[in-house]
Amino acid sequence: MIHQTLKCFPKDFLWGAASAAYQVEGAWDKDGKGMSNWDQFVRIPGKTYKGTTGDMAVDHYHRYQEDVKLMAEMGLKAYRFSVAWTRVFPNGRGEINEKGMEFYDHLINELIKNGIEPILTLYHWDLPQSLQEEYGGWESRRIIEDFTNYSVELFKRFGDRVKYWVSLNEQNIFTSHGYLHATHPPGMKDEKLFYQVNHHANLANASVIKEFRKYVPNGKIGPSFAYSPAYAASSNPIDILAAENAEELNNHWWMDIYASGKYPKMAWSYLEEKGLTPIIEKGDFELLLEGMPDFMGVNYYQSTTFESNPLEGGIGAGKMNTTGEKGTSKDSGIPGLFKTIANPNVERTNWDWNIDPQGLRIALRRITSRYDLPVLISENGLGEYDQVDQGDVINDDYRIEYLRSHMIAIQEAISDGVDLFGYCVWSFTDLLSWLNGFQKRYGFVYVNQHEEGDHDLRRIKKKSFFWYKGVIDSNGEKL
Ligand code: BGP
């Protein structure tokens, strides 16, 4: 639909930015913090780009006041951050580490003092390593109780000040990288286990939402799903079917459970045929229904295009580009279901991510049609090389262009009838990219941190910082 006039962004729209504990905090072993799965994983040679770690990251743990000051200067309305489970419970459960709680207490107070709405993510991938070692973390149903206890402590402590909560960040990404591709901890390739792990994560997600209602009755909570809407490569019905398969198995598989407590039928039949269905216990579906979210959080970076993939000799695992050398990624697929193929209609970044603002509009509309839930865009942004010119100037016009085009698509989606209440750009400051080091930058604020050598970590406002300030000031009228 081409609108003659676009609706305005809602009053009180949450113009935000996002981060995750492991990617910004550093201080990996300070003040009683325990070891997380990522603290351990990054020490395995060859797992991250040039061996980068979050030991120091961008030292937000010690510089959070400076960072919040910059947020306030920008006029940011919301800041999404995650809590490191191992700061609060160094071993995943047991005694609370008060020092860890205090850090988030101070951060939240600082945000509120500056008129910035905190959006707290309970889990952004850094699992206590001791739980991984004790019972395999997400591989055991025991995680449900431990994750719930940890979350309840946060509800009790911060529920009076934090209204918006994200339960699990990108369950589809941390489980697939962790259990299908071996690129995230615990570095396994086990398809059957992958589906079982997901079932546990779904139950844990529902369990914390159920508890949330008791402790934060006026709050809002939902998961953040990494949604890459599936396109068909052509109008050939076999490609259309491939895209449908991908949408069902890669997207509905998670979002349906979150929003309706049910697994989608086609995906379930496929898994039954392959002997991959998770073990379901009595009471599981009841719990899932008790954990319905208030909104769907969406992390959108790109759409993906699919074509048919033969059962015999079809394409399997692909290759990610984590070096920033354009054109080095390789297509992936599941034989008999689908395979990815480059979309000639969209540009790509240096890390081979499609730049597709309309894909965001399509994603928002699909969610609205299928689930009829309010939506929070909990991540969207451009990872690119940035260059610091003389006088500490960073002209990141490409980032402005990326964000502007996505905001127009959002405004179109709002005009289409999507109930969207916030937009968090990934990210506020530059930060560590899990597998891509520091050179893949997302921030409005440059941080002088690199893969090699010691650096002063100074913060420099990029051109996009001033541009986003103008967007916020005008509530999206000046894009
Ligand atoms: C999402 C994660 C973020 C962030 C972002 C950018 O999947 O939730 O934590 O890292 O992607 O990804 P990357 O760092 O791989 O470019």
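This text goes with the structure placed above it.
Bear in mind the structure is a predicted one, so any value in this text is a computation, not a measurement.

Student: Can you walk me through the sheet that holds strand β6 (residues 230–232) in this structure?
Tutor: Strands in a sheet are paired, the pairing made by backbone hydrogen bonds, and the direction either parallel or antiparallel. Read from one edge of the open sheet, four strands run β6-β8-β10-β9, paired in mixed fashion. The strands lining the two open edges of the sheet, one partner per strand, are β6 and β9 (333–334). Note: β9 against strand β10 (residues 338–340), two bridges, orientation antiparallel. Directly across from I334, in β10, lies its bridge partner F338.

Student: For this particular structure, what's the right way to read the packing of aromatic side chains?
Tutor: Centre-to-centre distance and the angle between the planes together describe a pair of aromatic rings. On inspection of all chains with the given rule, the structure shows 45 aromatic pairs. Between Y64 and F103, the aromatic rings sit 5.5 Å apart at their centres with planes inclined by 85°, giving edge-to-face as the arrangement. Here Y64, found in helix α3 (residues 60–74), pairs with F103, found in helix α5 (residues 98–113); they are 39 residues apart in sequence, far enough to count as distant. The class of Y64 is buried, set by a relative accessible area of 11%. For the pair F147 and Y150, a centre-to-centre distance of 6.1 Å together with 35° between the ring planes defines the contact as tilted. In this pair, F147 and Y150 both sit in helix α7 (residues 142–158), three residues apart, roughly one turn of the helix. Residue F147 is classed as buried on the basis of its relative accessible area, which comes to 0%. An aromatic cluster of three or more residues is present, and its members are F194, Y195, F225, Y227, W253, W254, Y263, W268 and F285.

Student: In this structure, what is going on with unusual backbone geometry? I would like to understand it.
Tutor: Across residues other than glycine, the phi torsion is negative in most instances, and most of the peptide bonds are trans. A cis amide bond links P185 with the next residue in sequence, P186, at an omega value of 5°. Topologically, P186 is positioned in the loop between α8 (171–179) and α9 (191–215). The peptide bond linking W426 to S427 adopts the cis configuration, its omega dihedral lying at 10°. By the secondary structure assignment, S427 is in the loop between β14 (420–426) and β15 (445–447). At D392, a residue that is not glycine, the phi angle is positive and equals roughly 55°. With respect to the helices and strands, the residue D392 is situated in the loop between β13 (375–379) and α14 (397–416).

What counts and what doesn't
Residues numbered from 1 in each chain as written. Predicted model: local features only at pLDDT ≥ 70, side-chain atom pairs only at ≥ 80, totals over all residues. Heavy atoms only, no water. Pairing = 2+ DSSP bridges. Helix = DSSP H or I, 4+ residues; strand = E, 2+ residues; numbered from the N terminus. Phe/Tyr/Trp six-rings, centres within 6.5 Å; stacked < 30°, edge-to-face > 60°. Buried < 20%, exposed > 50% of the residue type's maximum accessible area, 1.4 Å probe, protein only.

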